[in-house]
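# Remarks on the overall topology
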Amino acid sequence: MNKIIAKERLSEEVYKIVVHAPWIAKERKAGQFVIVQRDIDYGERIPLTIADADAQAGTITLIFQTVGESTHRLAELEKGDSIQAVLGPLGNPTHIEQFGWVVGVGGGIGAAPLYPIAQAMKQAGNRLTIILGARTKELLIMEEEMRAVADELILVTDDGSYGTKALVTEPLKTLCERSPAPDLVVAIGPPIMMKFCAATTKPFNVPTLASLNTIMIDGTGMCGGCRVTVGGNTKFVCVDGPEFDAHQVDWDNMLKRLSTYKNLEAQHHALYHEEACKLNAAIQEAEKHAGL
Amino acid sequence: MNSYYENKLTTNEEKALLDELLAKENLTPKDRMAIPVQEMPVQDPDARIHTMSEVALGYTKTQAQLEALRCLQCKTAPCIKGCPVNINIPAFIAKIAHDDIQGAAAIIRETNLLPAICGRVCPQEKQCQEPCTLGKSLKDVGKAVQIGRLERYVADRERAQGIIALPDIAPPTGKKVAIVGSGPAGLTVAADVRRNGHEVVVFEAFQKGGGVMVYGIPEFRLPKAIVQEEISKLEKMGVRFEYNTLIGKTRPLMALFDEDGFDAVFLGVGAGLPKFMNIPGENLVGVFSANEYLTRANLMRAWDTGRAATPLFPSKRVAVLGGGNVAMDAARMAKRLGAEEVHVVYRRTRDEMPARAEEVAHAFEEGILFDFLSNPIEILGNEAGMVTGLRLLRYSLGEPDASGRRSPVPIPGSEHDEIFDTVIVALGNESNPLLARTTPELAVDKHGHIIVDEEQRTSIEGVWAGGDIVLGAATVILAMGEGRRAAASINRFLAEH
């Protein structure tokens, strides 16, 4: 049982929770993730990246977006409630060294897992540029945290409601055109974003890492649900990743595999919104009757 | 295989036969040999494919006594040597004949802590029943004394009576033992070292204990309540379970000694990465490892679609690749989850299948189709990346290979396609690399299996290992056998240090 110490709603669909998990807080390194299961009998095991940790306090910070039934259920938990199972830290830590100039690209909630990597890269003496992108202003997170570690922070939104109206690939391309080009790009975000980041940096031969978040059950190498094709070989994200050479990842295959249960997920998402609407209507109705 | 279903007596005939036999002063071997093999009642195949509940229902008291009277009580008792934990089989069977369940249970418990489980999942026809003198005399291994069914009967009767005797536990020694993994090997070690008075903590990565017995073996073959009872029994003995803890990640192995004060560690982490065939199309949508497919259905209870959050892939035509127990489990599970047609694709024939004979027989009864002498060379898919079928080659059987089984030889020009929407790969596992990667001191062989000596000791002093992480993919009982050996060695080590 892992108690929720704090909870914050970052936007309509994005939540931040601080969870008591002392061993994970002590062992975790940048780039690693956990598997979370709200209810051990019928709940789903979902991988979530670790956004931050406090070894002293024995807590980890998780940031997630409500996309399916399980993330919606997780979002229902409040401060003081407990998550029945949290396993981690899983996956290999990011390889941190002084590369020179590192560019981090965080799309949507991908900014959360990028943050500990950004911190570690900065600490290792790298010059750090961070590009944060989101669909709209509301969904852009971690701006203040990133501003504190980055030498240069570039903000973009798809709709231009904040920062520059652009996709993350546009400033990324501009950075690659500089001389010298970045020594390393770390891209974390929706798979489609990472795919296009890889395509952007490829012509410049800029080494690019992507952190993959695939379907997973155990997270320890047993199920193989997370397998991806990298450089023509099958790799398991949980034991071989989660970070891979973005230029070698078969993105189309990964995107298709992610859609394995998409229909079911979409149904659940819609169901939740429908239920929430009904509930709101019922509350309003009751309030009206009560003369409020 | 037919022997399972021959000589079926009615309940009254069974009773009359038993009375007649018990009335005799001394049964001659001839009398015993004349008793028909007792078939174990099972759920009707048409009904059971719509439920997860256990297929085999267990012997009645009369059936068990009749089966027990079949045992010749031969002096050589080759069955004992055939059992990986050397249960005194003739002795416990003799107790059943006189309906002394407590006596039978006590004899089994001397060497086997999980009889309800072993009675259900051991490949008896390849172990204790294989050398059985009765089977040899009747020239049919299928007519050997049905030791597994009797073992299960004893465990189930004892449980039903609610008198589960806990073993005696020695006074506290002040020594601490960590068990990594709560599968059959780990649970065996936990019980054996706890009995010697040591403090025992079991670390399990999953949210529930039992390892392969809960994530892999389905409810219809091994009810989870039985596994849970064994775990509860250990808890009553004072064993502590720490779930959601992956040693090597959540806690480094060496920290168990340096920071947590453990004196000995047993590694029973089980098999790891599922094997694939390395043929084109294996990462298409609709291709699953049997591990994933079964874990979703079993541990995550995805079959209970009304309550479980874990989704299942909707399948109509399923191909299961492989011929072992896991392949049978996956095929029969797919059937229960609503697949219209389930094929087991196996490159040899029924005779060479490594699966337990009873599971194969049950699969046939349930309408699983077997495509023998057939093996895929490619998984076919469409533009959406979904499985559409298999490209297969036909085989014939050639000369026996190193395993003694006739090796399959592809027939040139036999390439053909079959339509499937789901492919489940059940070809075994590679070893899990996590512990070795985070613990460089731990010696592993080129396959990643932990290297142990004859006492299951690893290259690190104070660390033992056993089960699939040492053996590769094996069975519950072999893992338990290794666990027993390791526990004995741990107990000796702790007594000396």
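Structure: see above.
Presented here is a report on the structure given in the accompanying data block. Every chain's residues receive numbers from 1 upward, in the order its sequence appears when written. Working convention: letters from A go to chains and numbers from 1 go to ligands, in the order in which they are written. Where totals are concerned, whole chains, interfaces and linings use all residues; where local detail is concerned, this predicted model gives features only for residues with pLDDT of at least 70, and gives and counts side-chain atom pairs only at 80 or more. To obtain the side-chain values, all non-hydrogen atoms of the structure were used and water was disregarded.

## Quick notes on the side chain of Gln38(B)
All names here are of chain B.
- Helix and strand definitions follow DSSP, with helices as H or I runs of at least four residues and strands as E runs of at least two, each counted in order from the N terminus. As for its position among the elements, Gln38 is in the loop between helix H2 (29-34) and helix H3 (45-48).
- Residues adjacent in sequence count toward polar contacts only when both atoms are side-chain atoms; beyond that, a polar contact is any pair of N or O atoms within 3.5 Å, and within protein one must be able to donate a hydrogen and the other to accept it. One polar contact links the side chain of Gln38 to the main-chain carbonyl oxygen of Pro36, over a distance of 3.0 Å.
- Setting aside residues no more than four positions away along its own chain, Gln38 makes contact with Glu14, Tyr59, Gln63, Leu66, Glu67, Gln146 and Arg149. In this description, contact between two residues means that some pair of their heavy atoms is separated by no more than 4.5 Å.

## Things to note about the sheet that holds strand S16 (residues 463-465) of chain B
All names here are of chain B.
- Pairing is parallel across the open sheet formed by five strands, whose spatial order is S3-S2-S1-S4-S16. Strands with a single pairing partner mark the edges of an open sheet, and in this sheet they are strand S3 (240-242) and S16. Mean inter-strand twist for the sheet, computed between neighbouring axes without regard to direction, equals 20°.
- At least two bridges found by DSSP between two strands is the condition for calling them paired. Pairing between strand S1 (residues 176-180) and strand S4 (residues 264-267): four bridges, direction parallel. Directly across from Ala178, in S4, lies its bridge partner Val265. To obtain an axis, a line is fitted to C-alpha atoms, over the contacting stretch when the element is a helix, and the angle between two such axes runs from 0 to 180 degrees between their N-to-C directions.

## Some thoughts on helix H20 (residues 476-496) of chain B
- By this rule the span expected of a helix is its residue count minus one, scaled by 1.5 Å. For H20(B), with 21 residues, the first-to-last C-alpha span of 30 Å sits near the 30 Å given by 1.5 Å per residue.
- Partly exposed residues are those whose accessible area sits between 20% and 50% of the maximum for their type, while under 20% is buried and over 50% is exposed, using a 1.4 Å probe and protein chains only. Along H20(B), 15 of the 21 residues are buried, which leaves the element largely enclosed by surrounding structure.

## Focus on the nonpolar core
- Counting residues in hydrophobic clusters, the biggest one holds 85 residues, and the most contacted among them are Ile89(B), Phe92(B), Ile93(B), Ile96(B), Ile117(B) and Ile490(B).
- At nine residues, the largest contribution of residues to this core is made by H20(B).
- Each residue touching Ile117(B), except ones within four places of it in the same chain, is listed here: Met213(B), Leu222(B), Ile226(B), Val227(B), Glu230(B) and Val476(B).
- Listed in part, the 55 residues of the second largest apolar core include Met254(A), Leu273(B), Ile279(B) and Val287(B). Throughout, nonpolar core names a set of buried Ala, Val, Leu, Ile, Met, Phe, Trp, Tyr and Cys residues whose side chains join them through atoms within 4.5 Å.

## Looking at the packing of aromatic side chains
Residue and element names in this part refer to chain B.
- For Phe, Tyr and Trp, where Trp contributes only its six-membered ring, two rings pair if their centres lie within 6.5 Å, and the inter-plane angle classes them as stacked under 30 degrees, edge-to-face over 60, or tilted in between. Throughout the structure, instances matching the rule amount to nine aromatic pairs over all chains.
- Between Phe203 and Phe262 the ring centres are 5.9 Å apart and the planes differ by 75°, which places this aromatic pair in the edge-to-face class. A residue pair is termed long-range when its members are at least 10 positions apart, and Phe203 in strand S2 (residues 199-203) and Phe262 in the loop between helix H14 (253-258) and S4 qualify at 59 residues.
- When its relative accessible area of 6% is taken as the criterion, Phe262 is described as buried.
- Each ring, one from Phe206 and one from Tyr215, has its centre 5.9 Å from the other, and the planes form 50°; the classification is tilted.

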